[in-house]
Amino acid sequence: MADFPGMVNTQTSSQTSHASVMNAFVDLNFIKSLPGILLLVEIVFGLLVWALVSSIAYWVLHAYGWVLFVSITLWILSILLFIILFLGMRRKFPSIPWSIVLLVFYGVAAILYFTAFLADTIAITAFGESHHIDHVAAAAFFAIFVTMAYSASTAFAYMEWKGDGGNAAMTTVPV
């Protein structure tokens, strides 16, 4: 009985590690997933597209205005989407149909980037033999690469949407 007080731990506060607090705010698994990697690829190569197009005399042709509009707008929206998904907002706002939101975003982005790629590719001949043709050709290459990345993200978003049950009407019908 004499050693009883020495065996009791009277510490009442719990020590929370910094890593567990960080994981509550950040979804590190998203960066490791294929959709997360694709979103990072879309951001990096999307930056290359608009940087290359903005480094030429883009005001010569209206097609390059479209390429800049699409690439800059989707670059900003992709960064915002990355922040939302990286911070785990899907779990914080479960009332938002995230699978449909992602499917629509990626599908529209793939279509818009494809039109930007076509506009960039068709307008390459306007620069002829100038030194800007390398920038325009590189922008077209990266634009089709970003288009493929958005298309792959659309496929993953579609698979996620179908995995959730897809059609809500089919899940409410009594069996």
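Residues numbered from 1 in each chain as written. Predicted model: local features only at pLDDT ≥ 70, side-chain atom pairs only at ≥ 80, totals over all residues. Heavy atoms only, no water.

### Here we look at the nonpolar core
Leu39, Tyr64, Tyr106, Tyr113 and Tyr150 are the most contacted members of the largest nonpolar core, which has 35 residues in total. Mapped onto this core, the elements with two or more residues apiece are α4 (34–54), α5 (62–86), α7 (98–122) and α8 (133–163). The element that contributes the greatest number of residues to this core is α7, accounting for ten residues. The residue makeup of this core includes at least three contributed by each of domain 1 (27–93) and domain 2 (97–162). Look past the residues within four positions of Tyr106 in its chain and what remains in contact with it is Leu39, Glu42, Leu81, Tyr150, Ser153, Thr154 and Ala157. (Core = buried A, V, L, I, M, F, W, Y, C linked by side-chain atoms within 4.5 Å. Buried < 20%, exposed > 50% of the residue type's maximum accessible area, 1.4 Å probe, protein only. Helix = DSSP H or I, 4+ residues; strand = E, 2+ residues; numbered from the N terminus. Domains from an automatic or database assignment. Contact = heavy atoms within 4.5 Å.)

### Considerations on the UniProt feature "transmembrane region" (unreviewed entry) in the chain
Taking the UniProt record as the reference, the feature "transmembrane region" (unreviewed entry) is found at residues 37–60, 66–88, 100–124 and 136–158. Structurally, residues 66–88 comprises 91% helix and 0% strand, and the distance from its first C-alpha atom to its last is 33 Å. Counting secondary structure, residues 100–124 comes out at 92% helix and 0% strand; the distance between its end C-alpha atoms is 36 Å. (UniProt positions renumbered as here; feature names shortened; annotations may be inferred.)

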